[in-house]
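Descriptive analysis of the structure
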Amino acid sequence: MVILKNFWKRFAVWGTEFGTSIPNIFASAKFKIALLYFLANAVILIIASFVVDLYIGKFIFKELFSLFGSEPAIDATTARILENMKPEIWTTRIIRIVIMAPVAYFLAGITLKPIQKALESQSRFVANASHELRTPLAIMKTNSDVILSNPNPTKEELITTLKENTEEMDRMTTTLQVLLSFSGYENRVNKLIFSKIDLTKIISRVIQLARRQAEQKNINLEYNETSKIITNGNSAAIEELIYNLVKNAVSYTPKNGQIKIKLLPENGHHVLLSIQNSGTIISDDDLPHIFEPFYRGENATNTKKIGAGLGLAIVYEIAKIHGAKINVESSPKKGTIFSVQFKTI
């Protein structure tokens, strides 16, 4: 237990520091990259100006020489005009360099934006994974403190505490195994073998698997079967995608609720699978993050813990590798609707 507690402390500290340091890191990096852009463009502009001046001067001299047949003489008026033009030319160049400063800062922001999003996503992943480890540790500590505060615990109390602590350790072990295996899953999903598959058959198999769990909660599971719809993909992966979405709908739909599953052809070579449930509403703040590993929205965290928090992350990876578009919308009127658009053959 001491080893686990020390591991958790190091993990939590690292996660906290990682999350809070991201804005500072990117503010500094954005300024440095903007400065590099600015200096590079200023140097290029100055060098280009000298080259252009030199080239134009030689060109004009050459044209005048060919016109007069001898070296042209520059009178005092022409010399004065050229001399008066120099400040204006350099003023224009300086204005261009000054304008480059905000442009360079803007371009630096665009350059860093994808990296910043990736690191923020990783930071949330660490925070969510930390939460998954912190909860069982807190329960184990509470159980141990209760027993230690009792000078004469009974045998039954000791056995109960040990059983509960063992359950929490099993839960932590599962979480750690999931952490280690998730990246491996991402690598495996990129090596899937594709073939022609019938989506209607896969959906029917998934519904058979999920119907028993739905019946236990007296959930009305509706599915209007359609004619054969063929797509190109991996049968096992597509079945896992659909099963995770249906299982998620059943898990978060309250007793006596309703789930509607539809498979509708769209214009062109596409078909839309929609899974609508009357369960917990996902807030607008949570919607952009629900496909992140271990992410649990506010409503989900206030309900009983379900699964390891990777089902929707796996769904997203499978959809991406199949070129499918996945979307989710949630409102009190319609409930929560997950939709996946597949390409058909």
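Numbering of residues starts from 1 in each chain and follows the order in which that chain's sequence is written. Local features in this predicted model are restricted to residues whose pLDDT is 70 or higher, and side-chain atom pairs enter the listing and the counts only when it is 80 or higher, whereas totals over whole chains, interfaces and linings include all residues. The side-chain numbers reported here are obtained from all heavy atoms of the structure, hydrogens and water having been left aside.

A count of helices and strands for the chain gives seven helices and seven strands. Helix and strand definitions follow DSSP, with helices as H or I runs of at least four residues and strands as E runs of at least two, each counted in order from the N terminus. Listing the helices and strands of the chain from first to last along the sequence gives α-α-α-β-α-β-β-α-β-β-α-α-β-β. Burial status across the chain gives 33% buried among its 345 residues. By definition in these notes, contact holds between two residues if any of their heavy atoms fall within 4.5 Å. Contacts spanning at least 24 positions in sequence make up 75% of the contacts within the chain whose residues lie at least 6 apart. Of the roughly 21,900 Å² of accessible surface on the chain, 61% is carried by carbon and sulfur atoms. Three exposure classes are used, based on accessible area relative to the maximum for each residue type with a 1.4 Å probe and protein chains only: buried under 20%, partly exposed in between, and exposed over 50%. Each accessible area is a Shrake-Rupley result for a 1.4 Å probe, and residues are judged covered by the shown protein chains and nothing else.

For the rest of this paragraph, the subject is the sheet that holds strand β7 (residues 335–343). In this analysis, strands are considered paired if DSSP registers two or more bridges between them. Overall, mixed pairing links the five strands, which are arranged β2-β4-β5-β7-β6 in an open sheet. Strands at the two margins of the open sheet, each flanked by one partner only, are β2 (220–223) and β6 (325–331). Taking the axes of each pair of neighbouring strands and ignoring which way they run, one obtains an average angle of 15 degrees across the sheet. With eight bridges joining them, strand β4 (residues 258–266) and strand β5 (residues 270–277) adopt antiparallel strand pairing. Within β5, the residue paired with Pro265 across the bridge is Val271. Taken strand by strand, helix α4 (residues 199–216) contacts β2, β4, β5 and β7, and its axis lies near 170 degrees from that of β2. Axis definition: a line fitted to C-alpha atoms, limited for helices to the stretch in contact. Angles are taken between N-to-C directions and run from 0 to 180 degrees. This element, helix α5 (residues 235–252), spans β4, β5 and β7 of the sheet and lies at about 25 degrees to β5.

Right, let's talk about the confidence of the model for the chain for a bit. A residue's pLDDT is the predictor's confidence in that residue, given on a scale from 0 to 100. Within the chain, residue pLDDT values average 76, and 69% of them lie at 70 or more. Within the model, the stretch residues 1–5 combines pLDDT values under 50 with nine contacts to residues more than four positions away or in other chains. Segment residues 11–21 is flagged for pLDDT under 50; beyond a separation of four residues in sequence, or across chains, it makes ten contacts in the model.

Considered for burial, the residues of helix α7 (residues 311–321) that qualify are Leu312, Ala313, Ile314, Val315, Glu317, Ile318 and Ala319. Positive backbone phi, approximately 70 degrees, marks Gly323, located one or two places after α7.

So, on to the environment of His322. The topology assignment puts His322 in the loop between α7 and β6. Taking the C-alpha atoms as reference, His322 lies 8.1 Å from Asn232; in sequence the two are 90 residues apart. In contact with His322, not counting residues within four places along its chain, are Leu192, Phe194, Asn232, Gly233, Asn234, Ala237 and Ile238.

The residue Thr111 is located in helix α2 (residues 76–149) in this model. Taking relative accessible area as the criterion, Thr111 reaches 36% and is therefore assigned partly exposed. Here the alpha-carbon distance between Thr111 and Lys30, two residues 81 residues apart in the chain, equals 8.7 Å.

Its identity as a non-glycine residue notwithstanding, Asn218 has a phi of 55 degrees, on the positive side. Secondary-structure assignment places Asn218 in the loop between α4 and β2. Asn218 sits in the exposed class, given a relative accessible area of 53%. A positive phi angle is found at Asn256, which is not glycine, with a value near 65 degrees. Looking at Asn256, the relative accessible area reads 56%, which means it is exposed.

The term salt bridge refers to a pairing of a side-chain nitrogen on Lys or Arg with a carboxyl oxygen on Asp or Glu at a separation within 4 Å. According to the stated counting rule, one finds three salt bridges in the structure shown. The salt bridge partner of Lys141 is Asp145, with a shortest N-O separation of 3.0 Å. With Lys141 and Asp145 both in helix α2 and four residues apart, this pair spans about one turn of that helix. Taking relative accessible area as the criterion, Lys141 reaches 42% and is therefore assigned partly exposed. Given a relative accessible area of 36%, Asp145 falls into the partly exposed group. A salt bridge links Glu239 to Arg205, with the shortest nitrogen-to-oxygen separation between them at 3.0 Å. Here Arg205 lies in helix α4 and Glu239 lies in helix α5, a separation of 34 residues in the sequence.

To continue, consider the nonpolar core. Of all hydrophobic cores here, the largest spans 41 residues; its most connected members are Leu241, Ile242, Ile261 and Phe342. Of all the secondary structure elements, the ones that give two or more residues to this core are α4, β2, α5, β4, β5, α7, β6 and β7. Per element, the largest residue contribution to this core is eight residues, and it comes from α5. For Phe342, the residues in contact, after removing those within four places along its chain, are Leu199, Thr231, Ile238, Leu241, His269, His270, Val271, Leu273 and Ala324. Nonpolar cores were defined as sets of buried Ala, Val, Leu, Ile, Met, Phe, Trp, Tyr and Cys residues, with membership established by side-chain atoms within 4.5 Å.

Glancing now at a nonpolar patch on the surface. On the surface, Ile95, Ile99, Val103, Phe106, Leu107 and Ile110 cluster together into a nonpolar patch covering about 550 Å² of accessible area. By the element assignment, Phe106 lies in helix α2. In this scheme, patches are assembled from residues that exceed 30% relative accessible area and form no salt bridge. Like charges are connected within 9 Å, while nonpolar side chains (Val, Leu, Ile, Met, Phe, Trp, Tyr) are connected within 5 Å.

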